[in-house]
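Here is what each chain is made of, one letter per residue.
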Amino acid sequence: MSTTTDPAGAQQVLRPRLGSLIADPDAFATDQWGVAPRHTPAAELRGDHRALFSTEAVDELLSARGLRTPFLRVAREGTTLGDGAFTAPGGVGAAIGDQLSDDKLLGLFAGGSTLVLQALHRTWAPLTTFTADLAAELGHPVQVNGYVTPAQNRGFDDHYDVHDVFVLQVAGRKHWRVRPPVHPHPLRDQPWTDHRAAVARAAELPPELDVVLEPGDTLYVPRGWLHSATALGGATTHLTMGIHTWTRHHLLTQLVAEAVGALAQDPEIRAQLDVGVDVSDPARTAEALALVRARLQGAVDDVDPTAVAARMGTLARTSQRAAPVRPLATLAAADALTGDEELVLRDHVSATLVDAGIRSRAGLLELSSDDTTAVAGLLGGAPTTVHHLGTDLARRLVLGGVATVRTR
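Residues numbered from 1 in each chain as written. Predicted model: local features only at pLDDT ≥ 70, side-chain atom pairs only at ≥ 80, totals over all residues. Heavy atoms only, no water.

**Student:** Can you help me understand the overall build of the protein in this one?
**Tutor:** The helix and strand inventory of the protein stands at 16 helices and 19 strands. Each principal axis of the C-alpha distribution contributes one length, and for the protein these read about 75 × 65 × 65 Å. In the protein, which comprises 408 residues, the proportion classed as buried is 41%. A separation of at least 24 residues holds for 75% of the contacts in the protein among residues at least 6 apart in sequence. On the protein, the mean spot of the 36 positive side-chain charges and the mean spot of the 47 negative ones are 3 Å from each other. (Helix = DSSP H or I, 4+ residues; strand = E, 2+ residues; numbered from the N terminus. Buried < 20%, exposed > 50% of the residue type's maximum accessible area, 1.4 Å probe, protein only. Contact = heavy atoms within 4.5 Å. Lys, Arg positive; Asp, Glu negative; His and termini not counted. Charge placed at Lys NZ, Arg CZ, Asp CG, Glu CD.)

**Student:** How do you make sense of the pairing of strand 8 (residues 114–117) when you look at a structure like this?
**Tutor:** Residues in a regular strand project their side chains so that they alternate between the two faces of the sheet. Residues Thr114 and Val116 of strand 8 are buried on one face, and the alternating residues Leu115 and Leu117, pointing to the opposite face, are buried as well. As defined by bridge partners, strand 4 (residues 72–76) adjoins strand 8 across 4 bridges and the pair is classed as antiparallel. Bridge pairing links Ala75 to Thr114 in strand 8. Examined bridge by bridge, strand 8 and strand 9 (residues 142–149) share 3 bridges and lie antiparallel to one another. (Pairing = 2+ DSSP bridges.)

**Student:** How should I be thinking about the sheet that holds strand 15 (residues 352–354) in this particular structure?
**Tutor:** Within a sheet, neighbouring strands are paired by backbone hydrogen bonds and run either parallel or antiparallel to one another. A sheet is described by the order of its strands in space; here 3 strands give the open sequence 15-16-17, paired in antiparallel fashion. With one partner strand each, in any of the chains shown, strand 15 and strand 17 (363–366) form the two edges of the open sheet. Between one strand and the next, the sheet's axes are offset by a mean angle of 30°, whatever the strand orientation. (Axes fitted to C-alpha atoms, helices over the stretch in contact; angles between N-to-C directions.)

**Student:** Before we go on, may I ask you to explain the pairing of strand 11 (residues 209–213) in this structure?
**Tutor:** What you see with strand 11 is a clean split: Leu209, Val211 and Leu213 sit on the buried side and Asp210 and Val212 on the side with no burial. With 5 bridges joining them, strand 10 (residues 164–179) and strand 11 adopt antiparallel strand pairing. Note that in strand 11 the partner of Arg177 across the bridge is Asp210.

**Student:** In this structure, what is going on with the sheet that holds strand 14 (residues 342–345)? I would like to understand it.
**Tutor:** The strand order across the open sheet formed by 3 strands is 18-14-19, and the pairing between neighbours is antiparallel. In this open sheet, the two edge strands, each paired with only one partner strand, are strand 18 (384–385) and strand 19 (403–405). Judged from the 2 bridges that link them, strand 14 and strand 18 form a sheet pairing that is antiparallel. Bridge assignment links Glu342 to a residue of strand 18, and that residue is Thr385.

**Student:** Where do I start with the pattern of salt bridges in this structure?
**Tutor:** Pairs can form between side chains of opposite charge once their charged atoms are near each other. Here the structure, examined in full by the defined rule, presents 14 salt bridges. The network of salt bridges with common partners includes Asp266, Glu268 and Arg295. (Salt bridge = Lys/Arg side-chain N within 4 Å of Asp/Glu carboxyl O.)

**Student:** How do you make sense of a nonpolar patch on the surface when you look at a structure like this?
**Tutor:** A cluster of nonpolar side chains, contributed by Leu252, Val256 and Val260, occupies part of the molecular surface with about 220 Å² of accessible area. Considering the arrangement of structural elements, one finds Val260 in helix 8 (residues 248–263). (Patch = residues over 30% accessible without salt bridge, like charges linked within 9 Å, V, L, I, M, F, W, Y side chains within 5 Å. Areas by Shrake-Rupley, 256 points an atom, 1.4 Å probe, with all protein chains shown as cover.)

**Student:** Please explain unusual backbone geometry as it appears in this structure.
**Tutor:** Here the residue pair Thr69 and Pro70 is connected by a cis peptide bond, since its omega of 10° sits within 30 degrees of zero. Along the chain, Pro70 turns up in the loop between helix 3 (55–63) and strand 4. You will see that Ala119, though not glycine, has its phi angle at about 55°, which is positive. Mapped onto the elements of the fold, Ala119 is located in the loop between strand 8 and helix 5 (120–123). In the Ramachandran plot, His348 falls in the positive-phi region, its phi being about 60° despite a non-glycine side chain. Of note, His348 is situated in the loop between strand 14 and strand 15. When its relative accessible area of 22% is taken as the criterion, His348 is described as partly exposed.

**Student:** Would you mind going over the side chain of Asp98 with me for this structure?
**Tutor:** Along the polypeptide, Asp98 turns up in the loop between strand 6 (87–88) and strand 7 (99–100). Here Arg68 takes part through its side chain, which lies 2.8 Å from a polar atom of the side chain of Asp98. In this view, Asp98 contacts Leu67, Arg68, Thr69, Thr87 and Ala88; residues no more than four positions away in its chain are not counted. (Polar contact = N/O pair within 3.5 Å; in protein donor to acceptor, adjacent residues only side chain to side chain.)

**Student:** Any chance you could explain the packing of aromatic side chains here in plain terms?
**Tutor:** Taken as a whole and assessed by the stated rule, the structure comprises 6 aromatic pairs. Consider the rings of Trp33 and Tyr220, whose centres lie 6.4 Å apart with planes at 15°: the pair is stacked. Taken as a pair, Trp33 in the loop between helix 2 (25–32) and strand 3 (38–40) and Tyr220 in strand 12 (residues 218–221) lie far apart in primary sequence, 187 residues in all. Among the residues examined, Tyr220 registers a relative accessible area of 0% and is labelled buried. For the pair Phe53 and Trp124, a centre-to-centre distance of 6.0 Å together with 90° between the ring planes defines the contact as edge-to-face. On the criterion of sequence distance, the pair formed by Phe53 in the loop between strand 3 and helix 3 and Trp124 in the loop between helix 5 and helix 6 (125–138) is long-range, its members being 71 residues apart. Assessed through its relative accessible area of 2%, Phe53 is described here as buried. Here the aromatic residues Phe28, Trp33, Phe166 and Tyr220 are joined through ring pairs into a cluster of three or more. The aromatic ring of Trp246 is capped on one face by Arg188, whose charged end is 5.6 Å from the ring centroid. (Phe/Tyr/Trp six-rings, centres within 6.5 Å; stacked < 30°, edge-to-face > 60°. Lys NZ or Arg CZ within 6 Å of the ring centre and 35° of its normal.)

Here it is as structure tokens:
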């Protein structure tokens, strides 16, 4: 995410990827994010997201890429089929028994099954780039699934997701019905099946949003909102971009973890309970619990916000991947450095200086104190010459997955 300055001197946040999914990104971020669903017709969007994916891409992935489970799920009448229903060995030279079988998939799809291509941000290059950029703009992790539904097929019954979704209609038409939550803002361990009866009752009520998605349209559905969809006419293909939102509950979890870690240094907290204690009797543990409660409250108050941020940073680094690197080409580029080249920070690598060196999504790259000073500009986003860094340090940055060689 970057910023620009308008003629009046005010800073504006640039969200080009979000702008290709929603008509007014700023209004969406302020008024609709996590609050209400929104349908955006293709004519109101900047660009055409159908360039990211297609029915031809579906066929290529299913028949020519040698994908294995769990990159595909198959569902029929609300039930997910076992992997054996759509996989087979790869043949001579590829003794892998769970490769996708195009023959089986043809029969299943013709028979009315829905195909769910999972983690397309890992298997389809245009979506890899788009998803990483969108995650950076939103500040929340993003993943992509593709749903390929036969003609007149409902797919999955009414349910809610534990993450926000953007639905991108790729091909065909689909009728969507969206209803208010029965359990607002569910956490990731609070699936709709925990509220199955309430979901079934709510599914009988009129939908709040009843819309047909045409190719190129998008639909935003906040987590917890009930939804179902039916293919109209022929087969349909759509993408769901799942936004795995960071919540206050994440901050709570890390705050308490930090406080509990600090209390592990308190000998009174570490002391054992009395002989003969019955820990199931609240009266027998009341005094000890009162001490623990008081110490915990104090420890929570004493937690340094930077410690919570550091814990959240660790979670954030592991929630997404850096931009792909090509191992052979990268090694060749590192070996060919002469001093005149420029290095740039690898996209989405999330690199920060720590005492031992650079911590990033590529791991820990150990540096000396002199090296740390030299890389400050690079980590700030400025292109840096190999001559400035020194060939040895530049090579280590490239091979360590932190920097890439800029092509002039």
